[in-house]
Amino acid sequence: MNKLQPRLRKLFKRIELLPLLRYTASLIAALLSGLFLFTNATLGTMASSIIDMGLDPLRSQLIAALVMTAFVALISALVGRRKTSAILGAAIVFYLGYLKGFIHLELQPVYDPGGHLEPLQANALFNTSLIMFALALLSAFIGSAVGIATSESVIDPPLHTFQRGFMLLWLRWEARRQRSAFNIDETATHPSLFAHTNLGRSLSHWAGAIAIVLILFLALRSGDLFIFSPDVGLHTAPHITALKNGDKNADKSIGVSSIKQDYVKSKALGAAKPFEVYLPPSYNTLQGKTRHYPVLYLLHGSPGKDVDWLTGGKAGQSTDTLITTGKIPELILVMPDGNGRPGRTSEWGNSYDQKQPIEKYIATDLVNYVDQHYRTIPDSSHRAIGGLSMGGFGAANIAIHHPDIFGTFISLGGYYYAEGSVWGNDPTYRLNNSPAYTILYTPRAKKLHIYLGAATKDQPYYSDTLGFMKQLDQLKIPYHFDLQKGYHSWNIWATQMYNALGWLKWDKWD
């Protein structure tokens, strides 16, 4: 036995090097798999598939990168059975394969639709990058956990059997060679094979728990990246100081615009509903106390909420720029919340069961409240309604039903036949809430001012808009069409709303 001890110690020292070898193998596997998965052939293909489902390229690329990061960690964990190195390797791959390129892209100059430079917020870019990296770590953690679980249940049992058998055979061979007697089972399970102190294990567990909490905290702040776009909020409004001629009240346009949240107790809904209000620069100034303003109501899509047009659509920022440059007169923006009962989209309409009369709320309760509590010009020629996607449908549907209230509607990426369960199963009720049908039988609606927006790769909405335009042409109803290259995305709607604001000609429509 004494002669065998030195050889056993050498063997145990070699075995103790296995964790380091596994860490190295896991890291190398992550980097090599990343070279394959983060290529145009794989990452680009997955992003294209997500785009086909209706998302824009920026969000699709982020989602594809996170999925590939999880796969990198999974492969790494299968090879090395080390979660930490799998996560580290996947995080490195995510940075080199996606995040570095995203940061470089955002450092390039960005201009608004009017050609004004939008300054980059360095802190916002840092925070967004940190959130993205946290999402990558979370994806890597999930991928590595799946890889470890797979290896433990599929690979490790036969591998451990092989290792133990090899150890027993080696010990028996050495015992015969040196004619020594010892307890093979006791030696084969020598504690040196798994030399970890309780303190080290405890510290490792605590560090991992703290890291997961921090990662989850950052990941929970990622909602806007998926709802709007990864570049949301990274650039501020252009720095414009000089007013140009164009607004007869431009000399009074001093002060700063403001945004506030208000509530209206709706008789139609039997509940209080929130809405956001953009007040133009002169509204709260001494010079503007006697002024009254036209109003544009903006409806969000589904899923959505009242602040979406400010966050993703840059409605306040665009309005500020256009007012400051004297390209449009000052106006009030009202952005209501159109969410109905949980699990059901409202479609901005009066539901078939009449338990959710959102249209009545907008056209009656909200308009009356705004006219009573804000200095508006309370007539249809100075009141417009617009929206995107579901909000575009809602804007058209409400305006056609109420041309005496709204003289203009703006539909961006919208559709023109009622869809969804909110309308019930009555085909007549659906038709009566389909703008493409109701405009045929609403003579006053034919005098509406209409702005339609679409994107070349936004299906089926692009086709829906073309069909509605064909119908308007047959009815000889004029409209303005804004076609942009792109998808069903906020950058398209922000551009089109900027253009639509410049298109509104309140004074000429009196």
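Residues numbered from 1 in each chain as written. Predicted model: local features only at pLDDT ≥ 70, side-chain atom pairs only at ≥ 80, totals over all residues. Heavy atoms only, no water.

What to know about the overall build of the protein
Now for step 1: Broken down by element type, the protein carries 17 helices and 8 strands.
Now for step 2: Taken across its 510 residues, the protein has 49% of its residues classed as buried.
Now for step 3: In the protein, once contacts between residues fewer than 6 apart in sequence are set aside, the share between residues at least 24 apart is 75%.
Now for step 4: Total accessible area on the protein is roughly 25,200 Å²; 60% of this is exposed by carbon and sulfur atoms. (Helix = DSSP H or I, 4+ residues; strand = E, 2+ residues; numbered from the N terminus. Buried < 20%, exposed > 50% of the residue type's maximum accessible area, 1.4 Å probe, protein only. Contact = heavy atoms within 4.5 Å. Areas by Shrake-Rupley, 256 points an atom, 1.4 Å probe, with all protein chains shown as cover.)

Side note on a nonpolar patch on the surface
Now for step 1: The grouping of Leu31, Leu88, Ile92, Tyr95 and Leu96 at the surface amounts to a nonpolar patch, some 440 Å² of accessible area in total.
Now for step 2: Ranked by residue count, the leading element in the nonpolar patch is helix H5 (residues 83–106), at 4 residues. (Patch = residues over 30% accessible without salt bridge, like charges linked within 9 Å, V, L, I, M, F, W, Y side chains within 5 Å. Salt bridge = Lys/Arg side-chain N within 4 Å of Asp/Glu carboxyl O.)

Quick look at the packing of aromatic side chains
Now for step 1: If you walk through the whole model with that rule in mind, you get 16 aromatic pairs.
Now for step 2: With centroids separated by 5.4 Å and ring planes inclined at 40 degrees, the aromatic side chains of Phe94 and Tyr98 adopt a geometry described as tilted. Here Tyr98 and Phe94 lie together in helix H5, a separation of 4 residues that amounts to about one turn.
Now for step 3: Each ring, one from Tyr98 and one from Phe102, has its centre 6.1 Å from the other, and the planes form 15 degrees; the classification is stacked. With Tyr98 and Phe102 both in helix H5 and 4 residues apart, the pair spans about one turn of that helix.
Now for step 4: Classification of Tyr98 by relative accessible area gives buried; the value is 9%.
Now for step 5: Put simply, the rings of Tyr352, Phe393, Tyr415, Trp423, Tyr429 and Tyr461 touch in pairs and so form one group of aromatic residues.
Now for step 6: Its guanidinium or amino end placed over the ring of Tyr283, Arg375 lies 4.0 Å from that ring's centre, counting from NZ or CZ. (Phe/Tyr/Trp six-rings, centres within 6.5 Å; stacked < 30°, edge-to-face > 60°. Lys NZ or Arg CZ within 6 Å of the ring centre and 35° of its normal.)

Points about the pairing of strand E5 (residues 383–388)
Now for step 1: Taking burial as the measure, the 6 residues of E5 include 6 buried ones, the bulk of the element.
Now for step 2: With burial as the criterion, each face of E5 is covered, one bearing Arg383, Ile385 and Gly387 and the other bearing Ala384, Gly386 and Leu388.
Now for step 3: Where strand E3 (residues 295–299) meets E5, 5 bridges bridge the pair, whose relative direction is parallel. What sits directly across from Leu299, in E5, is Gly387.
Now for step 4: Bridge count between E5 and strand E6 (residues 408–412): 5 bridges; the pairing is parallel. (Pairing = 2+ DSSP bridges.)

Topic: the environment of Ala30
Now for step 1: The topology assignment puts Ala30 in helix H2 (residues 18–37).
Now for step 2: As a C-alpha pair, Ala30 and Leu88 span 58 residues in sequence and 8.6 Å in three-dimensional space.
Now for step 3: Setting aside residues no more than four positions away along its own chain, Ala30 makes contact with Val72, Ser76, Gly89, Ala90 and Val93.

Considerations on helix H12 (residues 358–373)
Now for step 1: The sharpest bend along H12 reaches about 30 degrees and sits at Leu366.
Now for step 2: Among the residues of H12, those classed as buried are Ile358, Glu359, Tyr361, Ile362, Ala363, Asp365, Leu366, Val367, Tyr369 and Val370.
Now for step 3: Buried positions along H12 lie against strand E1 (258–266), strand E2 (271–279), E3, strand E4 (332–336), E5 and helix H13 (390–401). (Bend = angle between axes of the 7 residues up to and from the residue.)

Concerning the confidence of the model for the protein
Now for step 1: Scored by pLDDT, the protein has a mean of 84; 80% of the residues are at 70 or more.
Now for step 2: Mean pLDDT values over the elements of the protein span from 48, in helix H7 (residues 184–188), up to 98, in E3.
Now for step 3: Below a pLDDT of 50 lies the segment residues 243–253, which in the model reaches 22 contacts outside its immediate sequence neighbourhood of four places, other chains included. (pLDDT = per-residue confidence, 0-100.)

With respect to the sheet that holds strand E8 (residues 480–484)
Now for step 1: On the basis of which strands lie adjacent, the open sheet formed by 8 strands has the order E1-E2-E4-E3-E5-E6-E7-E8 and mixed pairing. Either end of the sheet is taken by a strand with one partner, and the two such strands are E1 and E8. Strand after strand, the sheet turns through a mean of 20 degrees between neighbouring axes, direction not considered.
Now for step 2: Across the face of the sheet, H13 comes into contact with E3, E5 and E6 while running at roughly 150 degrees to E5. (Axes fitted to C-alpha atoms, helices over the stretch in contact; angles between N-to-C directions.)

Some words on the side chain of Gln496
Now for step 1: Mapped onto the elements of the fold, Gln496 is located in helix H17 (residues 490–503).
Now for step 2: Ignoring sequence-local partners within four residues, the contact set of Gln496 consists of Leu412, Tyr451, Gly453, Ala454, Asp482 and Gln484.

Examining the nonpolar core
Now for step 1: Of all hydrophobic cores here, the largest spans 49 residues; its most connected members are Tyr297, Ile332, Ile362, Leu366, Ile385, Phe406 and Phe409.
Now for step 2: Among the secondary structure elements, those contributing two or more residues to this core are E2, E3, E4, H12, H13, strand E7 (449–455) and helix H16 (461–475).
Now for step 3: Sequence-distant contacts of Phe409, that is, excluding residues within four places in its chain, are made with Ile385, Ala395, Ala396, Ala399, Ile400, Leu448, His449, Ile450, Tyr451, Leu452 and Phe468.
Now for step 4: In terms of nonpolar packing, the next biggest core, distinct from the first, is built from 35 residues, Leu37, Leu66, Val72 and Leu234 among them. (Core = buried A, V, L, I, M, F, W, Y, C linked by side-chain atoms within 4.5 Å.)

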